[in-house]
Amino acid sequence: MDEQHPADVAGSRVAACIGEPARARMLYCLLDGHARTSTELAIVAGVSASTASAHLARLRRERLVASLAQGKHRYYRLHGPRVAAALEALMVVAGESRTRFVPSTPNRLRFARTCYDHLAGEIAVRLHDRLRELGWISVRADEEYQVSSEGAKAFASLGVDVDAARAQRRRFAYACVDWSERRPHMAGALGAALLQVALRRRWVVQDLDSRALRVTRAGSGELRTRLGLSWPEGRLGRLHSDGDAARP
């Protein structure tokens, strides 16, 4: 009998890990790109909390999922695009399709709000993704962010002092899972500095009675011209008219 090749052994081990029905349900639930807690994944898989923890531990060992601790919670997401591609390929072979993730957060909070002292909501998630696309920030294995030299100059042009943010006695910049979008936005001193600039220049204004933020016409223009971010006007909701002129 021929000796088994290590790649064959590794491949069969990963396939067996995916092939268990409860673990498969967890993985396909995460295919939409939104992170979830072990409690939520236990419900999806139809198993107990302890069984879900055991399944997630194995999925982590096989590098199929990654986890991110945030406060009292730990969120799970697919380990990377190669895992997503493999799951999508299996779904094509199976001839099945998945339903989309639909947040239940009220629209006025879902689009833009504060999360402690930084920006959250759909706008923050898309801003986070765009900053990475532009190469201004990059993420390390520990979910902390580093700013490129080009990014430092670009942040300075927005009015964000990267060195001052880095000098604060707190975490500089890191991924924070957005509770409505279930994808990361940027938290830490850098995220807080970016929100303060947006408030000071009246790119966004905060509701008096909630954490909801509204994008001003000036802010909409700045997001479009400086970062290439735009939304259909209907998605922005009622634009605030008091911030048409940006303040220095």
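K.L.:
Sorry if this is basic, but what is going on with the overall build of the protein here?
P.N.:
Per the secondary structure count, the protein includes twelve helices and eleven strands. When burial is assessed residue by residue, the protein has 45% of its 248 residues classed as buried. When contacts within the protein are restricted to residue pairs at least 6 apart in sequence, long-range pairs at least 24 apart make up 58% of them. Summing over all exposed atoms, the protein offers an accessible surface of approximately 13,800 Å²; the carbon and sulfur share of this is 51%.

K.L.:
Got a minute to help me understand helix H2 (residues 21-30) in this structure?
P.N.:
At 3.6 residues per turn, the α-helix brings residues three or four places apart onto the same side. Counting buried positions along H2 yields eight of ten residues, so the element is predominantly enclosed. When H2 is considered as a whole, its buried residues turn out to be Ala22, Arg23, Ala24, Met26, Leu27, Tyr28, Cys29 and Leu30.

K.L.:
How should I be thinking about the packing of aromatic side chains in this particular structure?
P.N.:
Given two aromatic rings, their pairing is described by the distance between the two centres and the angle made by the two planes. Applying the stated rule across the entire model yields one aromatic pair. Both rings, one in tryptophan 136 and one in phenylalanine 155, keep their centres 5.3 Å apart while their planes meet at 70°; by these two values the pair is edge-to-face. Here the residue tryptophan 136 occupies a position in the loop between helix H7 (122-133) and strand S6 (137-139), and phenylalanine 155 occupies one in helix H8 (residues 149-158), the gap between them amounting to 19 residues. The same class applies to tryptophan 136 as to phenylalanine 155, namely buried. Directly above the aromatic system of phenylalanine 172 lies the positively charged group of arginine 166, at a separation of 4.6 Å from the ring centroid. Taking NZ or CZ as reference, arginine 171 lies 3.7 Å from the ring centre of tyrosine 174, over its face.

K.L.:
Would you explain the environment of alanine 49 in this entry?
P.N.:
Assignment of secondary structure puts alanine 49 in helix H4 (residues 49-61). Expressed as a C-alpha distance, the spacing of alanine 49 and threonine 39, which sit ten residues apart in the sequence, is 6.3 Å.

K.L.:
What's the story with the nonpolar core in this structure? I'm lost.
P.N.:
As a rule of thumb, soluble globular proteins bury nonpolar side chains together. Residues Ile123, Leu131, Phe155, Val160, Met186 and Leu190 are the most contacted members of the largest nonpolar core, which totals 40 residues. Elements with a minimum of two residues in this core: H7, strand S7 (145-147), H8, helix H9 (162-166), strand S8 (174-177), helix H10 (189-200), strand S11 (213-215) and helix H11 (217-227). Among all residues touching valine 160, those that are not within four sequence positions of it are Phe155, Leu190, Ala193, Leu194 and Val197.

K.L.:
It is not clear to me how the pattern of salt bridges should be interpreted in this structure. Could you clarify?
P.N.:
Side chains carrying opposite charge are able to pair once their charged atoms draw close together. Scanning the model with the defined rule gives eleven salt bridges in all. Salt-bridge contacts for arginine 110 lead to glutamate 181; the nearest nitrogen and oxygen are separated by 2.8 Å. Taken together, the positions of arginine 110 in helix H6 (residues 107-111) and glutamate 181 in the loop between S8 and strand S9 (184-187) put the pair 71 residues apart, joining distant regions of the chain. A salt bridge links glutamate 144 to arginine 171; the nearest nitrogen and oxygen atoms lie 2.6 Å apart.

What counts as what
- Residues numbered from 1 in each chain as written.
- Predicted model: local features only at pLDDT ≥ 70, side-chain atom pairs only at ≥ 80, totals over all residues.
- Heavy atoms only, no water.
- Helix = DSSP H or I, 4+ residues; strand = E, 2+ residues; numbered from the N terminus.
- Buried < 20%, exposed > 50% of the residue type's maximum accessible area, 1.4 Å probe, protein only.
- Contact = heavy atoms within 4.5 Å.
- Areas by Shrake-Rupley, 256 points an atom, 1.4 Å probe, with all protein chains shown as cover.
- Phe/Tyr/Trp six-rings, centres within 6.5 Å; stacked < 30°, edge-to-face > 60°.
- Lys NZ or Arg CZ within 6 Å of the ring centre and 35° of its normal.
- Core = buried A, V, L, I, M, F, W, Y, C linked by side-chain atoms within 4.5 Å.
- Salt bridge = Lys/Arg side-chain N within 4 Å of Asp/Glu carboxyl O.

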